[in-house]
Amino acid sequence: MIHVRVTDELKSQLEETAREAGRSINAEVVHRLLLSYRYESEREAAIAKAKREEEALFGEEDKEWEKIQEEMHEADMANEGAARRYESLMHLDGDLDTEDLLDLLKIRLERLQRQIYCQRKR
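Residues numbered from 1 in each chain as written. Predicted model: local features only at pLDDT ≥ 70, side-chain atom pairs only at ≥ 80, totals over all residues. Heavy atoms only, no water.

What about the overall build of the protein chain?
When its secondary structure is counted, the protein chain shows three helices and zero strands. In sequence order, the protein chain lays out its α and β elements as α-α-α. Buried positions account for 12% of the 122 residues belonging to the protein chain. For the protein chain, long-range pairs separated by at least 24 residues make up 36% of all intrachain contacts whose partners lie at least 6 apart in sequence. Only carbon and sulfur atoms are counted for the fraction: they give 53% of the accessible area of the protein chain, which is about 10,700 Å². (Helix = DSSP H or I, 4+ residues; strand = E, 2+ residues; numbered from the N terminus. Buried < 20%, exposed > 50% of the residue type's maximum accessible area, 1.4 Å probe, protein only. Contact = heavy atoms within 4.5 Å. Areas by Shrake-Rupley, 256 points an atom, 1.4 Å probe, with all protein chains shown as cover.)

The structure is reproduced here in structure tokens:
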């Protein structure tokens, strides 16, 4: 047996809802407690379902975004050497031969291709 103290206002609400439902006050209290536990259980299940659905929807996008970032990082690392070569070529003060010019053009083309790729992926 459980004894519970309640305010007069809550007691009045319990009496009214019990009368409307055709239950005793005790049955109404038990009914409401069961509803609260059921609500809590259903709420937890709904949250878990929403998390699974969110993971299903956004998990693939997150993986794709991580892949893009990884590819961009790899391209950055590859371009570091090219950037150093570009800088060294730019300081030759017009003493560029055909091979140096081709290297500069390749570097610039790779940069443009990378920028275009990154913009399309976003």
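Quick notes on the pattern of salt bridges
The full count for this structure, using the stated rule, is three salt bridges. Across the salt bridge formed by Glu15 and Lys11, the nearest N and O atoms sit 3.9 Å from each other. Within this pair, Glu15 and its partner Lys11 are both found in helix H1 (residues 8-21), separated by four residues, close to a single helical turn. Among the residues examined, Lys11 registers a relative accessible area of 43% and is labelled partly exposed. (Salt bridge = Lys/Arg side-chain N within 4 Å of Asp/Glu carboxyl O.)

Looking at the layout of surface pockets
Roughly 440 Å³ of internal volume is contained in the largest pocket. In this structure, the largest pocket is lined by 13 residues; those nearest its centre are Val4, Leu14, Ile25, Asn26 and Val29. If one sorts the elements of the lining of the largest pocket by residue count, helix H2 (residues 25-90) sits on top with seven residues. For the lining of the largest pocket, the residue count by class is nine nonpolar, one polar and three charged. (1 Å grid on protein atoms, 1.4 Å probe; cavity = no way out; pocket = protein on both sides within 12 Å on 5 of 7 lines; lining within 4 Å. Points joined across faces, edges and corners; volume = space filled by probe spheres on them. Nonpolar A, V, L, I, M, F, W, Y, C, P; charged D, E, K, R; others polar.)

Digging into the side chain of Glu28
In this structure, Glu28 sits in helix H2. A polar side-chain atom of Glu28 sits 3.3 Å from a polar atom in the side chain of Thr17. Aside from chain neighbours lying at most four places away, what touches Glu28 is Leu14, Thr17, Ala18, Ala21 and Arg23. (Polar contact = N/O pair within 3.5 Å; in protein donor to acceptor, adjacent residues only side chain to side chain.)

Regarding the confidence of the model for the protein chain
Per-residue confidence for the protein chain averages 79 on the pLDDT scale, and 74% of its residues sit at or above 70. Element-level mean pLDDT values for the protein chain span from 75 in helix H3 (residues 98-121) up to 95 in H1. (pLDDT = per-residue confidence, 0-100.)

Here's the deal with the environment of Leu14
For Leu14, the position within the fold is in helix H1. Overall, the relative accessible area of 13% leaves Leu14 in the buried class. Distance in space between the C-alpha atoms of Leu14 and Glu28 is 6.8 Å, their sequence separation being 14 residues. Contact partners of Leu14, with chain neighbours within four places excluded, come to Glu28, Val29 and Arg32.

Quick look at the environment of Ala18
Tracing the chain through its elements places Ala18 in helix H1. Beyond its immediate sequence surroundings of up to four residues, Ala18 is in contact with Arg23, Ser24, Ile25 and Glu28.

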